[in-house]
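The primary structure of each chain is shown beneath.
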Amino acid sequence: MFQPKKKRPRIRKTMSGLIALTLLSSLILPNAAGAEPVEPAQVQFANVSVQAGQTVHVPVALKKSYFGVKAYNMQIDYDTSALEIVRITPKSINAITTSPNEDGVADFQYEINSAEGWVRIIWVDFTGGDHSIEDETQLFDMEVKAKSNATPGTKQLSVDQTDSEHWHFTNVEHQSYTELSGGTITITAANSGGDNSGSTPTPNPGNSSGGGGGSVSPTSPVITPVPSTPAVNKGVDIYVNGQKQEQSASATTSTVNNLVTTTVHVDNDKVINQIGSGLKTLLLPITGTGKGAVVGELNGKLVKTMEGSNAEVVIQTDSGTYTLPANQIQIDQVLNQFGSTVPMEDITIQIAITPSATSKQSAIQAAVDKMQNTSVVAAPVDFEVKAIWNGQQVNVDRFNSYVERSITLPEGVDGSKITTGVVLQPDGSLLHVPTKVIKGNKQDSAIINSLTNSTYALIYHPATFSDVSSHWSRDDVQDLASRLIVQGTGENVFAPDRSITRAEFTAVLLRGLGLHSPISTEAASFTDVKTGSWYEDEVQTAVSYGLISGYADDSFRPNSEISRAEALTIVSRAMKLVGLAQADASETTSLLSTYSDSAKVQAWAAEPVASAIKQELVQGADGKLMSEADISRAQSAAIVKRLLAKAGLI
């Protein structure tokens, strides 16, 4: 979803933009508490090495602060006889520019003076306190080149910390004293061993590190924590269409915020040259990482090539597997977010499987604690896709079709003790996502299919009802109840033969499909769907996915009982979403003719009813379809379960 940017204060264009920002960085948040913190804040320049004639990336990070940085400015001086600043890439801001304009000034600005040997960087939070910079956050990345004639030795990036125009940090409470460390650049001879690509012991998140096929989120700044351990590089094997491709990828492992992260960098051009137009599967198997995070990296050019071949990329780890069709990344939409002139090969696509943060684990446990007879079976996992270019990020968070990911169960955990996978919602609730368990030789896996990216967990939530114990629908009802799709009407009661309303049927179908929010902001215009009603969001979501359309008088009639024909019409639209074939005209006539009451099926319902028959979602009774009869709660559960099973989602 696109969100409007917040307006920023205007600065008179007669002022120098950098001077104006320097003043603002020292005045925007004056001393509030009137006292200095006990310890100073700390900023760190990475210490790096580089061969003469090559470039290196120098991350600059806020390592420690006490109230959140709201503004800063610094002038970094360097030796022009040996070094050159190539570019500055911001990492923790809301807007990017390199110079002021008539409409105002952005959060971040910089100016490089190659003749005098300095670069000035200034940032101000103009949001009124919404985007302060916290500990362990990279501020920006400096790309530094060692000149080809540079003498081997060390050079220091320096700052005059006694001059407030050269060094000044403002936080919420104080004009804080801030210490600087690091900034040593070791220059080695051009042919002193190794390759000629330059040496960079610290990663470059801006260049090495996606939006969904359904929609992509707006661009946002890349905020990359600084690794606490040096990166370790090694070669890894990848597979194209099941064939090992040697020397086509490398892996970098480092620790960030106590989480071991392995990033697989695919040699994009080499893979493209090897596969031609015949690529179907690109497999990145990364094992031995335990509970660490794994990130696969491709560039936009490779993704575009894979999209043309209807290929998929598979990230396979100890904790799970992510299978992503390249066309669901919608690289053209991503490109439009960054600007249509950006070269595809400059866009980095990250596909990540990451153990969920402690805060998310706690939120899931808190939700489970509120549910009866429920437990978490496996630790939650985040599945993410991001596109990154020039310090900006686009999240790939929605898809046009179901995307499969799996969570590997801990060794010794029985897959039969999983009733469903759940997705963590922003409000802390847990909702069903289509899940099926696959038995393995050593460990079972839960396969989750979803139209979005998010945080997923596996739960055990067995459910029984006393009034279905001998009912024909018992297995269907209790299975869907254990998946959080259907609910009882009272204490241990389901009321299987009671009719179901249009709103209730819509809600059950949406829960079964794992559709929990609209794909557009366009509001449903039904005259009888009241704001604040329990079904308002369900109706909005169903409309956005094209599952319901209402009546000619602009009503939805949410509390009216729904007929079998109406229910199957909604289900037939869902069949398109899950990829089930529908009946064509000739099949419709043939399929309906076998029922004695087929003449009672109205023309608008003929094809949907025939499609449900084709996929064995309905069978009728005593040779009749009874299309005009109200559908019951038990029948609804049975049809939704058959739909999900037929589509291979459960």
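The rules behind each value
Within each chain, residues carry numbers counting from 1 in the order of the written sequence. Given that the model is predicted, a residue must reach a pLDDT of at least 70 before its local features are reported, and side-chain atom pairs must reach 80 or more before they are shown or counted; all residues, however, enter totals for whole chains, interfaces and linings. Note that water and hydrogens are dropped before the side-chain values are worked out from all heavy atoms of the structure. Note on conventions: DSSP H or I runs of at least 4 residues are helices, E runs of at least 2 residues are strands, and numbering of each starts at the N terminus. Buried means the residue's accessible area, taken with a 1.4 Å probe over protein chains only, is under 20% of the maximum for its type, while exposed means over 50%, and partly exposed covers the values in between. Each accessible area is a Shrake-Rupley estimate made with a 1.4 Å probe; only the visible protein chains count as cover when residues are assessed. In this scheme, strands are said to pair when DSSP sees at least two bridges between them. Between N-to-C directions, angles span 0 to 180 degrees; the directions come from axes that are lines fitted to C-alpha atoms, helices contributing only their stretch in contact. By the definition adopted for this analysis, an angle is roughly parallel if under 35 degrees, roughly antiparallel if over 145, roughly perpendicular if from 65 to 115, and oblique otherwise. Handedness of each helix crossing follows the sense of rotation of the near helix against the far helix: counterclockwise by less than a right angle gives left-handed, clockwise gives right-handed. Two residues form a contact once any of their heavy atoms are found within 4.5 Å. Classification used: nonpolar for Ala, Val, Leu, Ile, Met, Phe, Trp, Tyr, Cys and Pro, charged for Asp, Glu, Lys and Arg, polar for all others including Gly. Nonpolar cores were defined as sets of buried Ala, Val, Leu, Ile, Met, Phe, Trp, Tyr and Cys residues, with membership established by side-chain atoms within 4.5 Å. Aromatic rings from Phe, Tyr and Trp, with only the six-membered ring used for Trp, were paired whenever their centres fell within 6.5 Å, and each pair was classed as stacked if the ring planes differed by under 30 degrees, edge-to-face if by over 60, and tilted otherwise. Think of it as a cone above the ring: NZ of Lys or CZ of Arg counts as a charge over the ring if it is within 6 Å of the ring centre and within 35 degrees of the ring normal. The term salt bridge refers to a side-chain nitrogen of Lys or Arg lying within 4 Å of a carboxyl oxygen of Asp or Glu. Any N or O atom pair separated by 3.5 Å or less is treated as a polar contact, with the protein-specific requirement of one donor-capable and one acceptor-capable atom, and with residues adjacent in sequence counted only for side-chain atom pairs. Values of pLDDT, ranging from 0 to 100, describe the predictor's confidence in every residue of the model. One fewer than the residue count of a helix, multiplied by 1.5 Å, yields its expected span.

Looking at the overall build of the protein
Thought 1: The number of helices and strands found in the protein is 13 helices and 31 strands.
Thought 2: A burial count over the protein gives 51% of its 650 residues as buried.
Thought 3: For the protein, the accessible area works out to roughly 28600 Å², and carbon and sulfur atoms hold 47% of it.

Quick look at the sheet that holds strand β3 (residues 55-64)
Thought 1: The five strands lie next to each other as β5-β8-β3-β1-β11, forming an open sheet whose pairing is mixed. Taken across any chain shown, the strands that pair with only one partner, and hence form the sheet edges, are β5 (83-90) and β11 (178-182). Adjacent strand axes in the sheet meet at a mean angle of 20°, parallel and antiparallel pairs treated alike.
Thought 2: Where β3 and strand β8 (residues 137-146) come together, eight bridges link them in antiparallel fashion. Bridging from a neighbouring strand, Pro-59 pairs with Asp-141 of β8.

Some points on the packing of helix α10 (residues 564-578) against helix α13 (residues 633-646)
Thought 1: As a packed pair, α10 and α13 sit with axes 11 Å apart at the nearest point and diverge in direction by 20°. Considering the angle they form, α10 stands roughly parallel to α13. The two elements α10 and α13 cross, and the hand of that crossing is right-handed. Residue-level inspection shows Arg-564, Leu-568, Val-571, Ala-574, Met-575 and Val-578 of α10 in contact with α13, the latter providing Gln-635, Ile-639 and Leu-643.
Thought 2: Classifying every residue of the contact of α10 with α13 gives seven nonpolar, one polar and one charged.

Section: the sheet that holds strand β10 (residues 167-171)
Thought 1: Reading across the sheet, the four strands line up as β6-β7-β4-β10 and stay open at both edges, with antiparallel pairing between neighbours. This sheet does not close on itself; its edge strands, each paired only once, are β6 (108-113) and β10. The sheet shows a mean angle of 5° between the axes of neighbouring strands, taken without regard to direction.
Thought 2: In terms of strand pairing, strand β4 (residues 69-77) meets strand β7 (residues 118-124) through seven bridges, oriented antiparallel. Bridging across to β7, Ala-71 finds its partner in Val-124.

Regarding the nonpolar core
Thought 1: Judged by nonpolar contacts, the single largest core of 60 residues is most densely connected at Leu-513, Leu-515, Leu-547 and Leu-643.
Thought 2: Elements with a contribution of two residues or more to this core: α7 (474-482), α8 (502-513), α9 (536-544), α10, α12 (603-614) and α13.
Thought 3: Looking at this core, the element that brings in the most residues is α10, giving nine residues.
Thought 4: Those residues in contact with Leu-513 that lie beyond four places of it in its chain are Tyr-402, Pro-434, Leu-547, Ala-574, Val-578, Leu-643 and Leu-644.
Thought 5: Formed by 55 residues, the second largest nonpolar core is a distinct cluster that contains Ile-331, Ile-353, Ile-407 and Tyr-456.

Comments concerning the packing of α10 against α12
Geometry of a packed helix pair, given as the angle between the helix axes and the separation of the axes.
Thought 1: α12 packs onto α10 with a crossing angle of 65° between their chain directions and a minimal axis gap of 8 Å. Taken as axis vectors, α10 and α12 run roughly perpendicular relative to one another. When you trace α10 past α12, the crossing you get is left-handed. For the pair α10 and α12, the contacting residues are Ala-565, Glu-566, Leu-568, Thr-569, Ser-572 and Met-575 in the first and Trp-604, Ala-605, Pro-608, Val-609, Ser-611 and Ala-612 in the second.

A look at the packing of aromatic side chains
Thought 1: Throughout the structure, instances matching the rule amount to nine aromatic pairs.
Thought 2: Clustering of aromatic rings is evident, with ring pairs tying together Tyr-72, Trp-123, Trp-167 and Phe-169.
Thought 3: It is Arg-405 that lies over the ring of Phe-383; its NZ or CZ is 5.6 Å from the centre.
Thought 4: The ring of Phe-494 carries Arg-633 above its face, with NZ or CZ at 4.2 Å from the centroid.

Describing the pattern of salt bridges
Thought 1: For the structure shown, the criterion picks out 18 salt bridges.
Thought 2: Between Asp-475 and Arg-474 there is a salt bridge, with the nearest N and O atoms lying 3.4 Å from each other.
Thought 3: Members of the salt-bridge network, linked through shared partners, are Asp-476, Asp-479, Arg-483 and Lys-641.

Examining the side chain of Asn-113
Thought 1: By the secondary structure assignment, Asn-113 is in strand β6.
Thought 2: Given the relative accessible area of 17%, Asn-113 is considered buried.
Thought 3: Looking at Asn-113, its side chain comes within polar contact range of the main-chain nitrogen of Ala-115, at 3.2 Å.
Thought 4: Each residue touching Asn-113, except ones within four places of it in the same chain, is listed here: Tyr-78 and Trp-118.

Things to note about the confidence of the model for the protein
Thought 1: On average, the protein scores 82 in pLDDT, and the residues at 70 or more come to 82%.
Thought 2: Of all the helices and strands in the protein, helix α2 (residues 205-208) carries the lowest mean pLDDT, 32, while α13 carries the highest, 97.
Thought 3: Confidence over residues 191-213 falls short of pLDDT 50; this stretch has 74 contacts with residues more than four positions distant or in other chains.

Re α10
Thought 1: Here α10 spans 20 Å end to end across 15 residues, near enough to the 21 Å set by a 1.5 Å rise per residue.
Thought 2: Taken across its 15 residues, α10 has 13 buried, putting it largely inside the fold.
Thought 3: With its phi angle positive at about 80°, Gly-579 sits one or two positions after the end of α10.

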